[in-house]
Amino acid sequence: MHGNEVLGRVLMLHLIDDLVRGFRNNETESVQLLTNTRIHILPTMNPDGFDESDTDCQYSTGRFNHNGIDLNRNFPDAFAGLRRKQQINEEEREAEVRAVIGWLKTESFVLSANLHGGALVASYPYDNSNGGSENVGGASISPDDDVFIHLAKTYSSNHATMHLGDRCKDSRPFLNGITNDTSGGMQDYNYVWSQCLELTLEVSCCKFPPVSQLPALWTENRKSLLAYIQQVHLGVKGRVFDGSGVPVQNAVVEVKGRENMCPFRTDRHGEYYRLLLPGSYSFTVTYPGHEVLTETLTIPYGPDQYSAMKHDFLLRQITTTTTRSPANVTVASTTLSCNESFEVESAGVGTRSTWVGVGVGLGLVAAALQSLID
């Protein structure tokens with residue numbers, strides 16, 4: 001998780017303290033989360049903006065870094081770049097953004113969030129659109145829209161007032177305290193290029209709340225933050241093994257009806273993670289030189305047990321002597337833009353503990369939570 005503004009930074013520091021204190025006191029919630037989840041917290045992504053921010057509620061300075069760049073909109077636009085097969089051009093990004101992109105390459109983050117101020121709403125991808133099939137009723141719908149809505153409602157419904165949707169006088173109302181039409185960039189980048197589902201959390205009507213309000217604001221957000229982190233245990237996790245029983249990197253693991261712009265692939269340890277709501281799903285696994293594997297899995301609700309369902313896929317080598325790759329394996333391949341972020345270090349599945357990655361864009365859990373001044 002990462003904070004993008006003043007309150008986000010405070011909430012992330014409180015979250016660290018709350019989890020560590022709870023673990024030391026053997027409190028069940030903290031012990032379960034820290035035992036079964038790898039949590040990464042980045043309290044401030046924009047230190048320049050934090051230093052420049054003032055105490056005005058709605059017009060606080062500090063959105064931009066020292067170079068005058070809005071970091072949250074400095075991430076590559078999936079729709080402007082990926083479908084035109086343009087490169088990410090990381091060297092042209094701001095130093096803070098390059099650091100986060102590099103961080104995403106070193107961990108297999110699964111869930112993340114970034115925190116802002118100025119409204120009370122949980123926003124989910126897509127931020128942007130091509131005006132194509134993803135554009136439905138004015139919203140830009142992702143293949144995992146049902147999961148994103150569940151995640152957004154998890155935060156909103158556990159918040160003291162966000163779920164009411166109309167608590168900020170200077171902001172329009174949001175049904176159930178969630179929205180899909182907030183312009184941005186970081187959450188789309190995490191989802192499309194890094195296989196990490198991320199929300200943008202607007203956690204306060206005031207961008208720079210008075211110090212006297214901070215304890216109450218922490219109380220309002222504490223339950224939401226912990227409940228959101230726990231959702232990293234949705235769905236299914238496991239490894240993909242080749243015909244020799246070796247875990248393989250870059251095997252494509254697809255779920256029928258969820259054609260992602262960049263296919264979800266196994267990491268360097270052969271591990272995959274898919275956040276999915278309870279139900280039956282058809283999985284297709286492809287890897288060069290091996291038969292395409294299709295299996296149907298019935299997935300339970302994992303967060304209550306602090307563990308997603310575990311399932312490994314065992315591939316069979318192609319026995320034919322032909323050198324031509326099957327068409328469906330070729331189709332599963334994608335552009336260089338998709339593959340650039342896939343050399344990642346996993347948190348571990350199988351014998352290694354705490355495999356889950358839970359990035360939450362504002363310095364939260366098992367992934368990446370950062371605070372940007374907004």
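Cut-off values and rules
- All residue numbers refer to positions counted from 1 along the written sequence of the respective chain.
- Thresholds applied to this predicted model are a pLDDT of at least 70 for local features of residues and 80 or more for the giving and counting of side-chain atom pairs; totals over whole chains, interfaces and linings are not thresholded and use all residues.
- By convention in this description, side-chain values take in all heavy atoms of the structure and omit both hydrogens and water.
- With a 1 Å grid spanning the protein atoms alone, the term cavity applies to any set of points in which a 1.4 Å probe fits but cannot get out, the term pocket to an open set with protein on both sides within 12 Å along at least five of seven lines, and the term lining residue to any residue with an atom within 4 Å of a point.
- Grid points are joined across faces, edges and corners, and a volume is the space filled by probe spheres set on the points.
- In DSSP terms, a helix is any run of H or I states spanning at least four residues, a strand is any run of E spanning at least two, and both are numbered starting from the N terminus.
- Throughout this entry, Asp, Glu, Lys and Arg are counted as charged residues, while Ala, Val, Leu, Ile, Met, Phe, Trp, Tyr, Cys and Pro are counted as nonpolar. The remaining residues, Gly among them, count as polar.
- In the sections that follow, a salt bridge refers to a side-chain nitrogen of Lys or Arg positioned within 4 Å of a carboxyl oxygen of Asp or Glu.
- Only protein chains enter the accessibility calculation, which uses a 1.4 Å probe; a residue is then buried when its area is under 20% of its type maximum, exposed when over 50%, and partly exposed in between.
- Should DSSP find at least two bridges between two strands, the strands are regarded as paired.
- Polar contact is the term for a pair of N or O atoms within 3.5 Å; when the atoms are in protein, one must be able to donate a hydrogen and the other to accept it, and sequence-neighboring residues count only if both atoms are side-chain atoms.
- As a rule, the C-alpha atoms of each element are fitted with a line to give its axis, helices using only the stretch in contact, and angles between N-to-C directions run from 0 to 180 degrees.
- UniProt positions are given in the numbering used here, feature names are shortened, and annotations may be inferred rather than shown by experiment.
- In plain terms, two cysteine sulfur atoms within 2.5 Å form what is called a disulfide here.
- By this rule, a helix spans an expected 1.5 Å times one less than how many residues it contains.
- For every residue, the predictor assigns a confidence score, pLDDT, that lies between 0 and 100.
- In this analysis, two residues are considered to be in contact whenever any of their non-hydrogen atoms come within 4.5 Å of each other.
- Pairing of aromatic rings covers Phe, Tyr and Trp, the last through its six-membered ring, and needs centres within 6.5 Å; plane angles under 30 degrees mean stacked, over 60 mean edge-to-face, and all others mean tilted.

S.K.: What am I meant to see in the layout of surface pockets here?
M.R.: Empty space among the atoms becomes apparent when a probe as large as a water molecule is rolled across them. Each pocket or cavity is described by its volume, and for the second largest pocket that value is around 170 Å³. As for the second largest pocket, its lining consists of L120, T161, R167, V203, S204, C205, C206, Q213, L217 and E220. Breaking the lining of the second largest pocket down by element, the ones donating at least two residues are β7 (197-204) and α8 (214-230). In terms of residue class, the lining of the second largest pocket is made up of five nonpolar, three polar and two charged.

S.K.: What's the story with the pattern of salt bridges in this structure? I'm lost.
M.R.: It is possible for side chains of opposite charge to pair when their charged atoms get near one another. Scanning the entire structure with this criterion turns up nine salt bridges. A salt bridge links E29 to R222; its shortest N-O distance comes to 3.9 Å. With E29 in helix α2 (residues 28-36) and R222 in helix α8, this residue pair connects regions lying 193 residues apart in the sequence. Residue R274 is joined to D144 by a salt bridge in which the shortest nitrogen-to-oxygen separation is 3.4 Å. Residue R274 is located in strand β10 (residues 271-274), and its partner D144 is located in the loop between β5 (139-140) and α6 (145-158); the two are separated by 130 residues in the primary sequence. Note on D144: relative accessible area 1%, which makes it buried.

S.K.: In this structure, what is going on with the pairing of β10? I would like to understand it.
M.R.: In summary, the side chains of a regular strand alternate between the two faces of the sheet. Alternating positions in β10 separate into two faces, E271 and Y273 on one and Y272 and R274 on the other, with burial throughout. As defined by bridge partners, strand β8 (residues 236-241) adjoins β10 across four bridges and the pair is classed as antiparallel. From the neighbouring strand, V236 faces β10, where its bridge partner is R274.

S.K.: Explain the side chain of H290 to me, please; I cannot follow it from the model alone.
M.R.: Relative to the helices and strands, H290 is located in the loop between β11 (279-286) and β12 (293-299). Under the relative-accessibility criterion, H290 is labelled buried at 5%. Within the structure, the side chain of H290 is placed 3.0 Å from the backbone nitrogen of G243, a separation counted as a polar contact.

S.K.: What am I meant to see in the sheet that holds strand β9 (residues 252-255) here?
M.R.: Hydrogen bonds along the backbone pair up the strands of a sheet, which may run parallel or antiparallel. Spatial strand order, β9-β11-β12: three strands in an open sheet with antiparallel pairing. Either end of the sheet is taken by a strand with one partner, and the two such strands are β9 and β12. Sheet twist, expressed as the average angle between the axes of neighbouring strands with direction ignored, equals 30°.

S.K.: Explain the UniProt feature "active site" (unreviewed entry) in the chain here, please?
M.R.: The positions that UniProt labels "active site" (unreviewed entry) are, in the present scheme, E202. Counting through the fold element by element, E202 comes out in strand β7. Separated by 3.5 Å, the side chain of E202 and the backbone nitrogen of G117 make a polar contact.

S.K.: Would you take a moment to explain empty space enclosed by the protein for this structure?
M.R.: A full pass over the atoms with the stated rule returns three cavities of 30 Å³ or more. Size it by volume and the second largest cavity reaches roughly 40 Å³. Considering the residues around the second largest cavity, the lining is formed by A119, L120, G165, D166, R167, C168, S171, R172 and F174. The residue makeup of the lining of the second largest cavity, split by class, is four nonpolar, two polar and three charged.

S.K.: Mind showing me how you'd approach the state of the cysteines here?
M.R.: Here, disulfide denotes a covalent bond that connects the sulfur atoms of two cysteines. In total, this model carries one disulfide according to the counting rule given. Here C168 engages in a disulfide with C205; their sulfurs sit 1.9 Å apart. Looking down the S-S bond of the C168 and C205 bridge, the torsion is -85°, so its handedness is left-handed. Residue C168 is found in the loop between α6 and β6 (178-179), and its partner C205 is found in the loop between β7 and α8; the two are separated by 37 residues along the sequence. Judged by its relative accessible area of 9%, C168 falls in the buried class. On the basis of relative accessible area, C205 is assigned to the partly exposed category, the value being 24%.

S.K.: Explain helix α1 (residues 6-24) to me, please; I cannot follow it from the model alone.
M.R.: Helical geometry note: an α-helix holds 3.6 residues per turn, so side chains three or four residues apart project in the same direction. In this model α1 runs 28 Å from its N-terminal to its C-terminal C-alpha over 19 residues, within 8% of the 27 Å that 1.5 Å per residue would give. Within α1, the full set of buried residues consists of V6, L7, G8, V10, L11, M12, L15, D18, L19 and G22. Looking one or two places after α1, you find N26, whose phi comes out positive at around 60°.

S.K.: What's the story with the confidence of the model for the chain in this structure? I'm lost.
M.R.: Should the pLDDT be low somewhere, the predicted coordinates at that spot are not to be read in detail. With 75% of its residues at a pLDDT of at least 70, the chain reaches an overall mean of 81. In the predicted structure, residues 339-357 sits below a pLDDT of 50 and forms 83 contacts with residues beyond four places in sequence or in another chain. Contacts for the low-pLDDT stretch residues 359-374, under 50 throughout, to residues beyond four places or in other chains number 175 contacts.

S.K.: Even after reading the chapter, I still don't get the packing of aromatic side chains, so can you show me in this structure?
M.R.: Each aromatic ring pair is characterised by the separation of its centres together with the angle its planes make. With the rule as written, the count across this model stands at eight aromatic pairs. Aromatic side chains Y155 and Y228 sit 6.4 Å apart centroid to centroid with 75° between the ring planes, which places their arrangement in the edge-to-face category. Residue Y155 is found in helix α6, and its partner Y228 is found in helix α8; the two are separated by 73 residues along the sequence. Here Y155 and Y228 have matching classes, each one buried.

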